[in-house]
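Listed below are the residues making up each chain.
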Amino acid sequence: PAIEVTKGSVSVETVEILHTPATTHRWVAVQALPKSDRAELAVATLTEMGVHEILAWQADRSIVRWKGDKQAKGVARWQAAAREATKQSRRFLVPQVELA
């Protein structure tokens, strides 16, 4: 709860610190680049399932291509989707999103 609120600052008191128990395994999901906007849904679903890392995979025969500037934008979009899904599912850690 807030203890003191002034024009330039807010003082709060920490009541409880929450921790997640360490897992003995690490889940990594490899998601192919889809043609439509289903990528964000896939990332959100994987995040809610509890994966630790999501790899965006571009197969040799894929129609969708992330080249140059599109790679950074695509990974940023997936990271934003993972961050939002983390908030939605009340997880403590946002999964890592990278290009495979």
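Located above this text is the structure these notes cover.
Cut-offs applied
Residues numbered from 1 in each chain as written. Predicted model: local features only at pLDDT ≥ 70, side-chain atom pairs only at ≥ 80, totals over all residues. Heavy atoms only, no water. Salt bridge = Lys/Arg side-chain N within 4 Å of Asp/Glu carboxyl O. Helix = DSSP H or I, 4+ residues; strand = E, 2+ residues; numbered from the N terminus. Buried < 20%, exposed > 50% of the residue type's maximum accessible area, 1.4 Å probe, protein only. Phe/Tyr/Trp six-rings, centres within 6.5 Å; stacked < 30°, edge-to-face > 60°. Axes fitted to C-alpha atoms, helices over the stretch in contact; angles between N-to-C directions. Parallel < 35°, antiparallel > 145°, perpendicular 65-115°, else oblique. Left-handed = near helix turned anticlockwise from the far one by under 90°. Contact = heavy atoms within 4.5 Å. Nonpolar A, V, L, I, M, F, W, Y, C, P; charged D, E, K, R; others polar.

Caption draft 1: Representation of the pattern of salt bridges within the structure. Per the stated rule, a full pass over the model turns up four salt bridges. The salt bridge involving K73 is made with D69; its shortest N-O contact spans 3.7 Å. Of this pair, K73 and D69 both sit in helix α2 (residues 69-89), four residues apart, which is roughly one turn of the helix. In this pair, the class of K73 matches that of D69, namely exposed.

Caption draft 2: Quick look at the packing of aromatic side chains. Per the counting criterion, the structure on display carries one aromatic pair. Ring plane angle 75 degrees and centroid distance 5.5 Å describe the contact between W66 and W78, whose orientation is recorded as edge-to-face. Here the residue W66 occupies a position in the loop between β4 (53-57) and α2, and W78 occupies one in helix α2, the gap between them amounting to 12 residues. In this pair, the class of W66 matches that of W78, namely buried.

Caption draft 3: Geometry of the packing of helix α1 (residues 38-49) against α2. Packing of α1 against α2 brings their axes to within 8 Å, and their N-to-C directions diverge by 40 degrees. Classified by the angle their axes make, α1 and α2 are oblique. For α1 against α2, the interelement crossing comes out right-handed. Contacts between α1 and α2 involve A39, E40, V43, A44, T47 and E48 on the former and, on the latter, R77, W78, A81, A82, A85, T86, Q88 and S89. Grouping the constituent residues of the contact of α1 with α2 by class yields seven nonpolar, four polar and three charged.

These figures come from the coordinates and say nothing about function on their own.
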